[in-house]
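Reading the structure
Okay, here's what each chain looks like letter by letter:
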Amino acid sequence: MEQNYDVLVVGGGSAVLLAAGRRGAAGQARTALRENKRVGEKLRISGGGRCNITNAEEDERVLMRAYGKAEQFFVLNLFAIWQRDTLYFFESKNLPLVVQARKRAFPKTEKAPDVVKTLEEYVRKSGVTVKRVLR
């Protein structure tokens, strides 16, 4: 059966789920395809199961210095916008965050599955259906 899509989102990670939700809310995507049994498989184990959502260091130059020579690859102007939007996104979806050592932001529950649940709910409410594809 052939299907046509305005936008087809492929993957099950955090960035893909955010993109699918955004496109779904804009009426452009209705399906996201994933390969793993569940979305967010890697996200569930990130940060030792606590999920380090982002770094809350407001001074991007301080943060970039922590990356040594890789600092040159970061786009500093976009970082501050992305960081604030990330923190706002999760808190606006009723997932309180806490900033810990080295300004790492985690869900207050310190449970990565809570992050995955928040993203899944966002995608579902935006009208996107996530389907598993097998190789």
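Residues numbered from 1 in each chain as written. Predicted model: local features only at pLDDT ≥ 70, side-chain atom pairs only at ≥ 80, totals over all residues. Heavy atoms only, no water.

So, about the overall build of the protein chain. Check the secondary structure of the protein chain and you find five helices and six strands. In the protein chain, buried positions account for 33% of the 135 residues. In the protein chain, the proportion of contacts linking residues at least 24 apart, taken out of those at least 6 apart, comes to 64%. Working note: accessible area of the protein chain is about 9000 Å², and carbon and sulfur atoms make up 51% of it. (Helix = DSSP H or I, 4+ residues; strand = E, 2+ residues; numbered from the N terminus. Buried < 20%, exposed > 50% of the residue type's maximum accessible area, 1.4 Å probe, protein only. Contact = heavy atoms within 4.5 Å. Areas by Shrake-Rupley, 256 points an atom, 1.4 Å probe, with all protein chains shown as cover.)

Turning to the pairing of strand 2 (residues 29-34), a few remarks are in order. By the criterion of burial, strand 2 is predominantly enclosed, with five of the six residues buried. Taken together, the three bridges between strand 1 (residues 7-10) and strand 2 define a ladder with parallel strand orientation. Paired with valine 9 across the two strands is alanine 32, which belongs to strand 2. Each parallel crossover has a hand, and for strand 1 linked through helix 1 (residues 14-25) to strand 2 it is right-handed. Here strand 2 pairs with strand 6 (residues 129-132) via four bridges, running parallel. Bridge assignment links threonine 31 to a residue of strand 6, and that residue is threonine 129. (Pairing = 2+ DSSP bridges. Right-handed = clockwise from strand over helix to strand, strands pointing away.)

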